[in-house]
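What the coordinates show
Residue-level listing of the chains:
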Protein chains: 2
Amino acid sequence: MSKIEKISKWLQENNIDAAFITSTENVLYLTGFPCKPHERLLAVFIFPDQDPFLIVPQLDAEDAMHSGWKYDVIGISDTENPWEKIRETIKNRYIRIDTLAIEKDHLVYNRIANLDKIFSKPMYISAEEKIWSMRMIKSNEETKKLREAARGADFAIEIGVKEIAAGKTEMQILAAIEYQLKKEGISKMSFDTMVLTGANGASPHGVPGNTKVQHGDLVMFDLGVVIDGYCSDITRTVAFGEPSEQQRAIYETVLKAQTAACNAVKPGKTCADIDLTARNIIAQAGYGEFFPHRLGHGLGMSVHESPSVTSVNQLVLQEGMVFTIEPGIYIPGIAGVRIEDDVLVTADSVEIFTQFTKELIII
Amino acid sequence: MSKIEKISKWLQENNIDAAFITSTENVLYLTGFPCKPHERLLAVFIFPDQDPFLIVPQLDAEDAMHSGWKYDVIGISDTENPWEKIRETIKNRYIRIDTLAIEKDHLVYNRIANLDKIFSKPMYISAEEKIWSMRMIKSNEETKKLREAARGADFAIEIGVKEIAAGKTEMQILAAIEYQLKKEGISKMSFDTMVLTGANGASPHGVPGNTKVQHGDLVMFDLGVVIDGYCSDITRTVAFGEPSEQQRAIYETVLKAQTAACNAVKPGKTCADIDLTARNIIAQAGYGEFFPHRLGHGLGMSVHESPSVTSVNQLVLQEGMVFTIEPGIYIPGIAGVRIEDDVLVTADSVEIFTQFTKELIII
């Protein structure tokens with residue numbers, strides 16, 4: 001069943017007259033058409049028992065028609081009123097809209113006011129839970145892209161580790177990573193790349209700057225790349241110079257917790273099971289209070305999506321879910337260690353996408 | 001009068017009970033507090049005749065209190081309901097909210113539903129026109145930052161021009177620019193940097209890729225940097241190898257149009273006057289149909305803001321406005337030329353922020 005058919009079925013089952021989806025990411029996910037509409041309207045209308053249609057800026061209409069999208073494309077020029085055009089299209093199809101599924105955390109006041117006007121204040125239903133639950137289970141095509149994105153993340157860490165040298169600043173190392181990625185054609189990062197050295201790695205608000213790498217520092221890299229619209233997210237922490245006993249102890253604890261959590265992943269376990277596997281190991285080692293965040297988050301077209309891997313999320317893992325496992329220990333003013341992999345829930349266990357070594361590297 | 005006082009006065013004059021501003025940019029503009037709330041609530045409440053208050057994630061409350069903001073800060077932890085806390089705060093101040101100014105192009109359905117609940121469906125007024133009109137006139141402090149951002153843009157073009165060599169790809173040149181900027185501590189671009197060579201420069205959808213620079217190409221750079229939260233935006237087009245007569249003719253026409261438009265800027269002229277100054281020169285040279293976009297756009301914390309410099313905008317220029325002047329001629333399949341400066345309307349004429357030479361550089 002196609003994604004559009006899944007939404008149609010959901011509309012049928014819930015007696016909803018239509019879905020009106022406007023976030024560029026969800027439109028891409030449902031229609032396969034990538035579009036940057038800026039302030040213009042991009043939307044897909046989906047119905048319980050009619051063909052959907054796509055609304056795009058006139059500039060992009062030609063591309064949309066040749067994008068593989070099999071249904072109607074309605075191009076809207078800058079001099080047209082998109083809402084009037086929607087009203088007419090819906091009217092010509094003899095559709096009555098009393099209930100409408102929308103993205104309640106995305107659609108803004110002015111657009112709702114326009115929908116209220118053309119459809120006489122329909123009842124709004126949230127479409128987001130449904131779409132997020134679909135996006136949570138990755139297809140083979142999606143896991144392939146996520147695997148490639150993880151390759152790019154491994155490569156970025158490799159560059160970063162090679163760049164470390166006494167006196168180099170965090171920002172210089174960061175610049176070198178992104179430069180070499182760009183030269184290889186990887187130009188989009190999943191989020192602002194983090195290179196943090198020494199005590200900076202222990203700050204939750206750490207921002208890379210002009211701090212120089214010094215002997216005795218732990219250096220933390222947290223970064224990801226976007227390949228074909230899909231994100232990776234990796235963290236590695238390495239030692240510059242022989243680590244202290246405390247640094248080693250923290251590192252080994254995080255590594256043990258991270259590895260145990262990875263090994264615990266399989267269908268049937270809950271998100272909480274995985275989080276607590278790591279959390280208990282860290283707590284037993286006496287560092288519980290220094291691991292203040294959730295274990296991980298889902299990963300896909302967004303760098304943060306479902307599922308949220310927390311100690312209280314009882315969601316059961318299913319084949320096709322992809323998320324991060326990233327425990328950390330942060331001793332304020334001293335050092336931080338975090339190790340993060342991207343993992344896929346397989347039919348019977350787990351595949352770990354990110355492959356850069358997790359053994360402590362000493363430079 | 002402070003920015004907050006200006007909003008208070010506007011609320012008084014229009015009988016609006018409060019303004020509820022939530023976009024991070026407008027909150028920063030009005031309060032001076034920079035915050036990245038992610039999915040959490042960040043907001044400033046402003047009243048006609050009471051002190052305002054700031055709502056921030058609990059994590060950021062400490063920073064907000066020490067940010068120079070003189071009024072109340074309400075921190076909201078992840079386990080609290082922000083809307084309930086707002087309801088109580090407003091109630092304790094004996095304020096009744098029947099009309100509320102919001103950002104209608106920013107505030108999403110779920111947040112409006114919460115406001116409807118705690119304030120019994122107030123009437124919503126748009127705050128955006130007021131804030132945009134304030135942001136359009138830059139203070140001395142703001143023009144200083146914009147001038148520095150323009151210095152960064154000049155530097156980026158300088159790097160890019162030096163990097164041009166036969167066989168180098170657009171992406172390689174782009175990577176070198178951003179790398180050298182980062183090494184100098186400039187890590188944020190105003191938008192995705194564009195380096196386009198040959199026919200790519202003539203495409204409105206041009207995206208830098210693996211096209212190599214060849215003798216006879218015009219190479220177009222369009223980029224900007226963000227310094228202290230303020231954006232620059234510059235375009236320069238240079239020739240790699242001796243340009244053809246057609247390329248020279250296009251270049252000279254764009255340069256003449258761009259220079260004339262810059263020289264036409266002064267208080268009292270309209271946006272349309274400036275646009276038409278350039279547009280008429282290009283039309284008279286026979287290239288009218290190949291200049292399909294507006295002359296420019298306002299520039300500040302956003303890379304696109306008011307005023308919009310179009311042939312129909314009758315808005316009168318005032319001292320303190322900052323905008324781009326960027327005419328272009330694009331001959332499909334052949335070449336594109338665009339030249340862009342950032343300019344400030346001064347008391348009696350114009351200051352041009354971007355200073356990289358506009359004479360045709362031949363490499």
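Residues numbered from 1 in each chain as written. Chains lettered and ligands numbered in written order. Predicted model: local features only at pLDDT ≥ 70, side-chain atom pairs only at ≥ 80, totals over all residues. Heavy atoms only, no water.

1. Comments concerning the overall build of chain A
Short version of the rule: Helix numbering and strand numbering both begin at the N terminus, where a helix is a DSSP run of H or I of at least 4 residues and a strand a DSSP run of E of at least 2. Per-residue accessibility, obtained with a 1.4 Å probe over protein chains only, is compared with the maximum for each type, and a residue is labelled buried under 20%, exposed over 50%, and partly exposed between these values. Residues are treated as being in contact if the distance between any of their heavy atoms lies within 4.5 Å. Each accessible area is a Shrake-Rupley estimate made with a 1.4 Å probe; only the visible protein chains count as cover when residues are assessed. Only four residue types enter the tally: Lys and Arg on the positive side, Asp and Glu on the negative side, with His and both chain ends excluded. By convention, charge coordinates are those of NZ in Lys, CZ in Arg, CG in Asp, or CD in Glu.
When helices and strands are tallied, chain A shows 10 helices and 18 strands. If you line up chain A on its principal axes, its C-alpha atoms span 75 × 40 × 35 Å. In chain A, which comprises 363 residues, the proportion classed as buried is 56%. Contacts in chain A between residues far apart in sequence, at least 24 positions, make up 66% of those at least 6 positions apart. As displayed, chain A has an accessible area near 15600 Å², and 49% of this comes from carbon and sulfur atoms. Within chain A, the 50 negative side-chain charges are centred at a point lying 2 Å from the centre of the 37 positive side-chain charges.

2. Observations concerning the interface of chain B and chain A
Spelled out, the test is: Summed over both partners, buried area is the accessible surface (1.4 Å probe) that two parts give up on being assembled. A pairing counts as a salt bridge when a side-chain nitrogen of Lys or Arg comes within 4 Å of a carboxyl oxygen of Asp or Glu. Pairs of N or O atoms are called polar contacts if they sit within 3.5 Å, as long as, within protein, a hydrogen donor faces a hydrogen acceptor (for residues adjacent in sequence, only side-chain-to-side-chain pairs). Residue polarity is assigned by list, with Asp, Glu, Lys and Arg as charged and Ala, Val, Leu, Ile, Met, Phe, Trp, Tyr, Cys and Pro as nonpolar; anything else, Gly included, falls into the polar class.
Counting residues at the interface gives 24 residues for chain B and 24 residues for chain A. Summing both partners gives a buried area of about 2100 Å² for chain B against chain A, and 63% of it is carried by carbon and sulfur. The largest contributions to the chain B side of the interface with chain A come from B:Y109, B:Y179 and B:K182, which together make up 29% of the buried area. Here chain B and chain A share 4 salt bridges between them. Here B:K182 makes a salt bridge to A:E178, at a shortest N to O gap of 2.6 Å. At the junction of chain B with chain A, the criterion picks out 10 residue pairs in polar contact (both at pLDDT 80 or more). Among the residues making up the side of chain B that touches chain A, the classes are represented as 12 nonpolar, 4 polar and 8 charged.

3. A look at helix α10 (residues 271-284) of chain A
Residues and elements named next belong to chain A. As a reminder of what qualifies: What a helix should span is 1.5 Å times the count of its residues minus one.
Taking 1.5 Å per residue as the helical rise, α10 with its 14 residues ought to reach 20 Å, and the 20 Å between its terminal C-alpha atoms agrees with that figure. Here α10 has its buried residues at C271, A272, I274, D275, A278, R279, I281 and I282. Of the surrounding secondary structure, the elements contacted by the buried residues of α10 are α9 (245-264), β13 (305-309), β14 (322-325) and β15 (328-331). Trailing α10 by a residue or two, G286 shows a phi angle of about 90 degrees, which is positive.

4. With respect to the side chain of A:D275
Residues and elements named next belong to chain A. Within the element layout of this structure, D275 appears in helix α10. Within the structure, the side chain of D275 is placed 3.0 Å from the backbone nitrogen of L295, a separation counted as a polar contact. Those residues in contact with D275 that sit more than four places away from it in its chain are R294, L295, V309, T310 and S311.

5. A few points about the relation of the copies chain B and chain A
The cut-off we apply is this: Our superposition of the copies is a least-squares fit, built on the C-alpha atoms of residues whose pLDDT is at least 70 in both.
Rotating chain B by 180 degrees about the axis while translating it 0.0 Å along that axis superimposes it on chain A, leaving an RMSD of 0.0 Å. Such a combination of turn and shift is consistent with a two-fold rotation axis. Considering only C-alpha atoms, the residue of chain B closest to the rotation axis is B:V108, which sits at 2.1 Å.

6. Quick notes on the domain arrangement of chain A
All names here are of chain A. Basically, it comes down to this: Each domain's extent is set by a domain assignment, obtained either automatically or from a database.
As far as domains go, chain A holds domain 1 (3-135) and domain 2 (137-352). On a C-alpha basis, the centroid separation for the pair domain 1 and domain 2 is 36 Å. Every contact between the two is made by 7 residues of domain 1 and, on the other side, 8 residues of domain 2. Of the roughly 650 Å² buried between domain 1 and domain 2 on both sides combined, carbon and sulfur atoms contribute 48%. Put simply, domain 1 and domain 2 have 1 salt bridge between them. The salt bridge partner of E305 is R135, with a shortest N-O separation of 3.1 Å. Counting every contact that joins domain 1 to domain 2 gives 5 residue pairs in polar contact (both at pLDDT 80 or more). Within the residue set of the side of domain 1 that touches domain 2, elements represented by two or more residues are α2 (24-31) and α6 (128-136).

7. Concerning the sheet that holds strand β1 (residues 18-21) of chain A
Residue and element names in this part refer to chain A. Applied cut-off: By the convention used here, strands pair only if DSSP detects at least 2 bridges between them. In this analysis an axis means a line fitted to C-alpha atoms, helices contributing only their contacting stretch, and an angle means the value between N-to-C directions, from 0 to 180 degrees.
Across the sheet, 6 strands lie side by side as β4-β3-β2-β1-β5-β6; this open sheet has mixed pairing. Looking at the sheet topology across the chains shown, the edges are occupied by β4 (72-76) and β6 (123-126). Looking at each pair of strands side by side, their axes are set apart by 25 degrees on average, direction ignored. Strand direction decides the pairing type here: β1 and strand β5 (residues 99-102), joined by 2 bridges, are parallel. In the sheet register, A18 faces β5, and the bridge partner there is L100.

8. Focus: the packing of aromatic side chains
Operational definition: Pairing of aromatic rings covers Phe, Tyr and the six-membered ring of Trp, with a centre-to-centre limit of 6.5 Å; geometry is then stacked below 30 degrees between planes, edge-to-face above 60, and tilted otherwise. Counting as a charge over the ring demands two things of the Lys NZ or Arg CZ atom: a distance within 6 Å of the ring centre and an angle within 35 degrees of the ring normal.
Here the structure, examined in full by the defined rule, presents 17 aromatic pairs over all chains. Pairing A:Y124 with B:Y109 gives two aromatic rings, centres 5.5 Å apart and planes at 65 degrees, and the pair type is edge-to-face. Pair noted here: A:Y124 is in strand β6 and B:Y109 is in helix α5 (residues 109-118), and the two residues belong to different chains. For the pair shown, A:Y124 and B:Y109 are each scored as buried. Measuring from ring centre to ring centre gives 4.5 Å for A:Y179 and B:Y179, while their planes differ by 15 degrees; the resulting arrangement is stacked. On the criterion of chain membership, the pair formed by A:Y179 in helix α8 (residues 170-183) and B:Y179 in helix α8 (residues 170-183) is interchain, its members lying in two chains. Put simply, the rings of A:F20, A:F45, A:F47, A:F53, A:W83 and A:F119 touch in pairs and so form one group of aromatic residues. Sitting over the face of the ring of B:Y29, B:R135 holds its NZ or CZ atom 6.0 Å from the ring centroid.

9. Quick notes on helix α4 (residues 82-92) of chain A
Residue and element names in this part refer to chain A. Rules: Directions from the helix axis toward the C-beta atoms define the arc.
For α4, the set of buried residues is P82, W83, I86, T89 and I90. The buried side chains of α4 occupy one side of the element, clustering within an arc of 125 degrees when seen end-on. α4 presents K91 and N92 as exposed residues on the side facing more than 90 degrees away from its buried surface. Buried-residue contacts for α4 involve β1, β2 (43-46), β3 (53-57), β4 and α5 (109-118). The N-cap residue of α4 is N81: its side-chain oxygen and the backbone nitrogen of W83 are 2.8 Å apart. Positive phi shows up at Y94, right after α4, with a value of about 55 degrees.

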